[in-house]
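Read off the chains here:
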Amino acid sequence: MTKRIRAVIALVLFVLALCTAQTAGALSLTTLRITQVAQRGESLYVYFEALDDSGQAIEGIGPQDVSIALGDAWLDTDLSSFAATGEGVALVFAVDRSLPVDDAHSVRPIQAMLSYIGGMSERDAVAVVAFDESMHTAQDFTSDKDALTDALLALSFGAPHASFRSGVVRAVEIAGRLDEDLPVKRAVILVSRCDFEATGGLTPVELRERVLEAHLPIYAIGQSTDGSFSAFDEVGALARASGASFGVASSAEAIDRLIGDVRARVHGGYRALITLPADMADGLTHGLTLSLQWNGKTVTSTTEIRLRPTTEANAAKTIATASALPVEDRSVGAQGQPQRSHEPALLIAVLALLLIVAALLSIAILRGKIRSYPAPHTAKRRAHGKAASAAPAGIGRSGGTYGGDSALSIGPEDGVALRFVQLDRRRDKYDLFLKDTATIGRAPGHNAIVIADKTVSACHCELRFEHGVLQVRDLKSQNGTYLNHTRVRDFAIVQHGDVLQIAATKLKITVRHKT
C-alpha cells in the first residue's frame, strides 16, 4: 500500500469522525403533534408542538421549516412561537371529588393548581369543574385569581364515587364554548382517580367519540388510591387521542412536576396563522396536513377541519378545533425544502472534504494504485434484469420475514413493518416501518411514500397503526382511495395481502413481522 493510499484512508477516517460528532450533537425530531386548529373569520390558527427524542420541546423552528396544506393546496403561513404571539389560554380544571382527603391525593393537587393560577397572565382565563356522581361548575371562566383561589379551596373531597366519563364530557363542553372574549387556544387539565364504577351511562367508545367530536386537548393526571393502574389505560388512550398527554401521580411530589410539565406544554409550542382563500371557507370538511423539516428529517401530522363560510353573520365568533394524529419518528427526507439558515458551518466543511476524498479515490483507481473488482451482488442483480427501483427518501429496504395470510399479530405498543408492491410493469417496492401514522401522496418531502402519478393527490391518504390495528383513511383526495375495490369513506381496516388503490395506482400490502 503506497503512502498516498494511506493518506487517503486516514483522511476518510477523520471525516467519518467529524460526521459522527456532528450527528451526535444534532437534535432529533421524533414527535410532531397538532394540538388544536381554530377558525376565526378568514383566519385559521394551527397550534402544534414538536418534541425531540428526549421528549423536550424543540426551539428555533422558523417559517422556512413548516408547510401547511388544506386538501391539495399548500398555503402561506405566518409562524410564531406561542410565547411570542401574546395570546392567552382558556383552560378548564376538571377535578374528581372522589379523591381521598389526604396530602398526596387532594391537598397537594389543589396546591399545584393554585400555583398554576398564580402564574396566570391577564390574557389567560380559567374555569373549574368538580364532579362526583353529579357535575358542578365551581367557577366559570375568569382571569380573577382571587375568585379561582376561593373556588379551589372550597372544594370538598372523599365522595364515594365519581361519574368520571360524564365529568370529562362536562369539562369538554365548557372548554369548547364560543365566547368571543375567550382566548382562541383551549385545553383541559383533568385530575382524577379514574374510577369507572359510576360511569353516568357512557361507554368507553361513546366517551371517545364525544371527545374526538369536541377536538380539544385533554391533559390527564391519574391518581392511584390502591396501587392499581389498570384503569389508566383508557384514560391514557383518551388523552393521547385528543392530542395531549397522560401521566400518573405516584407521589405528592409527582403532581407538582406533572402539572408544571402540562403548563409548559399548554403555554409552549407554536402557532401557525393562515389567511383562508375565499373559496376554501365553503362549509365542508377539509384534510389539513402539517409538515415540518428539522435537521434533514421531515415529519407530518394530519387532521380534519370543517371550514365555516366567512360570509355568515357569526363568522367572527366561529371557532372550530381539531385534535391531532400524532406522528412519531417518521422520516421522509428533505426534498423540496429550503436550506435551513442555522445549519452548522461544520457540516458544509465536512461535505466539501467528502467530495475531495471521492475525487482522490477516483484518481487513485484510474492510475491503477487501487484495483477494483465488480461486486458479486451487483453482477447477479443485473444478470436477472434491471435493478429494483430506488425507494423515496426515508423509505427503507431492509430484509425480514414477511407474514403469510394472517392478520396483524404484533403488540399495540410496537410498530408494524409494511411492504407495498406496485401492481404494474415497474413493480416498484416501498418498505415502511409505521409506529403511528404516515401519509401517501404525490408531493415529495411531505409523504412517507411518494407516488409519481399525476392522478394521485399531493397528500392522498393516511395510514394509521393504533392498538395493533392498521387502518387507512382518505384525505379528501380528488380521485379517491380504494381498498380491495371498495372506496374508503372513513377509516378502513387493512390486512395482510390487501390491495390499496391510490387513484390509478394499485399497491399490494404485505405485513412484515419482526424477526
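Calculation rules
The written sequence of each chain sets the order in which its residues are numbered from 1. Two thresholds apply to this predicted model, a pLDDT of at least 70 for residue-level local features and 80 or more for giving and counting side-chain atom pairs, whereas whole-chain, interface and lining totals are computed over all residues. As a convention, hydrogens and water are excluded, and side-chain values are obtained from all of the structure's heavy atoms. Runs of E in the DSSP output that reach at least two residues are strands. Runs of H or I that reach at least four are helices, and both are numbered from the N terminus. A simple rule labels every residue: compare its accessible area, found with a 1.4 Å probe on the protein chains alone, to the largest value its type can have, and call it buried under 20%, exposed over 50%, or partly exposed in between. In what follows, a contact means two residues having at least one pair of non-hydrogen atoms within 4.5 Å. Method for areas: the Shrake-Rupley scheme with a 1.4 Å probe, in which residue coverage is limited to the protein chains shown. When DSSP locates at least two bridges between a pair of strands, those strands are taken to pair. Axis angles are defined between N-to-C directions and span 0 to 180 degrees, where every axis is a line fitted to C-alpha atoms and, for a helix, only to the segment in contact. Here a pair means two rings of Phe, Tyr or Trp (six-membered ring of Trp) with centres within 6.5 Å. Their orientation is stacked below 30 degrees between planes, edge-to-face above 60, and tilted elsewhere. Remark: a charge is flagged as sitting over a ring if the NZ atom of Lys or the CZ atom of Arg is within 6 Å of the ring centre and within 35 degrees of the ring normal. In the analysis that follows, any N or O atom pair within 3.5 Å is treated as a polar contact, provided that within protein one partner can donate a hydrogen and the other can accept it, and provided that, for residues neighboring in sequence, both atoms belong to side chains. A 1.4 Å probe that fits into a set of points on a 1 Å grid over the protein atoms alone but cannot get out defines a cavity; an open set with protein on both sides within 12 Å along at least five of seven lines defines a pocket, and lining residues are those with an atom within 4 Å of a point. Grid points are joined across faces, edges and corners, and a volume is the space filled by probe spheres set on the points. Note on residue classes: Ala, Val, Leu, Ile, Met, Phe, Trp, Tyr, Cys and Pro are nonpolar, Asp, Glu, Lys and Arg are charged, and everything else, Gly too, is polar. The span you would expect from a helix comes to 1.5 Å times its residue count less one. In plain words, nonpolar cores are sets of buried Ala, Val, Leu, Ile, Met, Phe, Trp, Tyr and Cys residues tied together by side-chain atoms within 4.5 Å. The predictor rates its confidence in each residue with pLDDT, a number between 0 and 100. For this classification, under 35 degrees means roughly parallel, over 145 means roughly antiparallel, 65 to 115 means roughly perpendicular, and everything else is oblique.

What to know about the overall build of the protein
Part 1 of the argument: Counting secondary structure elements, the protein contains 10 helices and 27 strands.
Part 2 of the argument: Looking at the protein as a whole, 49% of its 515 residues qualify as buried.
Part 3 of the argument: Of the contacts formed within the protein by residues at least 6 apart in sequence, a portion of 69% connects residues at least 24 apart.
Part 4 of the argument: Summed over all atoms, the accessible surface of the protein reaches about 23,700 Å², with 53% contributed by carbon and sulfur.

Section: the sheet that holds strand β7 (residues 125-131)
Part 1 of the argument: Taken together, six strands build an open sheet; the order of strands is β8-β7-β6-β9-β10-β11 and the sheet is mixed. Both outer strands of the open sheet, β8 (135-142) and β11 (246-249), are each paired with one neighbouring strand and no more. Each strand axis lies, on average, 15° off the axis of its neighbour in the sheet, ignoring direction.
Part 2 of the argument: Taken together, the seven bridges between strand β6 (residues 89-96) and strand β9 (residues 185-192) define a ladder with parallel strand orientation. The residue bridging V89 from the neighbouring strand is K185, located in β9.
Part 3 of the argument: This element, helix α4 (residues 145-153), spans β7 and β8 of the sheet and lies at about 165° to β8.

Section: the packing of aromatic side chains
Part 1 of the argument: Throughout the structure, instances matching the rule amount to four aromatic pairs.
Part 2 of the argument: With 6.0 Å between their ring centres and 70° between their planes, Y47 and F82 make a pair best called edge-to-face. One end of the pair, Y47, is in strand β2 (residues 43-52); the other, F82, is in helix α2 (residues 82-85), and 35 residues separate them in sequence.
Part 3 of the argument: Classification of Y47 as buried rests on a relative accessible area of 0%.
Part 4 of the argument: F82 sits in the buried class, given a relative accessible area of 2%.
Part 5 of the argument: Chaining the aromatic ring pairs together yields one cluster made of Y45, Y47 and F82.
Part 6 of the argument: The positively charged end of K185 is found above the aromatic ring belonging to F82, 4.1 Å away from the centroid.
Part 7 of the argument: The lysine or arginine in question, R263, covers the ring of Y116, its NZ or CZ lying 4.9 Å from the ring centre.

A few points about the sheet that holds strand β14 (residues 297-306)
Part 1 of the argument: Strand order in this open sheet of four strands is β4-β3-β13-β14, and the pairing throughout is antiparallel. Each having just a single partner strand, β4 (73-75) and β14 make up the two edges of the open sheet. Between one strand axis and the next, the sheet turns through 25° on average, direction left out of account.

Overview of the side chain of E87
Part 1 of the argument: Mapped onto the elements, E87 comes out in the loop between α2 and β6.
Part 2 of the argument: Polar side-chain contacts of E87 include one of 2.7 Å to the side chain of R271.
Part 3 of the argument: Contacts of E87, omitting those with residues within four sequence positions, involve Y45, Y47, F82, R123 and R271.

Description of empty space enclosed by the protein
Part 1 of the argument: Tallied over the full model, the rule gives four cavities of 30 Å³ or more.
Part 2 of the argument: Taken as a whole, the largest cavity spans an internal volume of roughly 80 Å³.
Part 3 of the argument: If you go around the largest cavity, you meet 13 residues; those closest to its centre are T35, K185, Y219, R265 and V266.
Part 4 of the argument: By residue class, the composition of the lining of the largest cavity is five nonpolar, four polar and four charged.

Observations concerning helix α5 (residues 164-175)
Part 1 of the argument: With 12 residues, α5 extends 17 Å from end C-alpha to end C-alpha; this agrees with the ideal 16 Å at 1.5 Å per step.
Part 2 of the argument: Most of α5 sits out of view: 10 of its 12 residues are buried.
Part 3 of the argument: Within the sequence span of α5, burial applies to F164, R165, S166, G167, V168, V169, A171, V172, I174 and A175.

With respect to the nonpolar core
Part 1 of the argument: Counting residues in each nonpolar core, the largest one holds 36 residues, and the members touching the most others are L91, F93 and L155.
Part 2 of the argument: Breaking this core down by element, the ones donating at least two residues are β2, β6, α3 (103-118), β7, α4, β9, β10 (218-223) and α8 (252-266).
Part 3 of the argument: Top element by residues in this core is α8. It accounts for six residues.
Part 4 of the argument: If sequence neighbours within four positions are ignored, L155 has contacts with V95, I110, V128, A130 and A138.

Observations concerning helix α7 (residues 232-241)
Owing to its 3.6 residues per turn, the α-helix brings residues three or four apart onto one side.
Part 1 of the argument: Burial within α7 is extensive, with seven of its 10 residues counted as buried.
Part 2 of the argument: All of the buried residues along α7 are F232, V235, G236, A237, L238, A239 and A241.
Part 3 of the argument: Residues of α7 that are buried make contact with α5, α6 (204-214), β10 and β11.
Part 4 of the argument: Trailing α7 by a residue or two, G243 shows a phi angle of about 95°, which is positive.

Brief notes about the environment of V37
Part 1 of the argument: When you line up the elements, V37 lands in strand β1 (residues 29-40).
Part 2 of the argument: Sequence separation between V37 and K185 is 148 residues, and the spatial gap between their C-alpha atoms is 8.7 Å.

Overview of the confidence of the model for the protein
Any region with low pLDDT has predicted coordinates that should not be read closely.
Part 1 of the argument: When pLDDT is averaged across the protein, the result is 75; 70% of the residues are at 70 or more.
Part 2 of the argument: Ranking the helices and strands of the protein by mean pLDDT puts strand β5 (residues 78-81) first, with 95, and helix α10 (residues 376-383) last, with 30.
Part 3 of the argument: Segment residues 20-25 is flagged for pLDDT under 50; beyond a separation of four residues in sequence, or across chains, it makes three contacts in the model.
Part 4 of the argument: Note on residues 368-412: pLDDT under 50 across the span, and 70 contacts to partners over four residues away in sequence or across chains.

Observations regarding the packing of α5 against α6
Part 1 of the argument: Between α5 and α6, whose axes approach to 10 Å, the crossing angle comes to 10°. Relative to α6, α5 is oriented roughly parallel. On α6, the residues that touch F164, R165, V168, V169, V172 and E173 of α5 are P204, L207, R210, V211 and A214.
Part 2 of the argument: When grouped by side-chain class, the residues that make up the contact of α5 with α6 number eight nonpolar, no polar and three charged.

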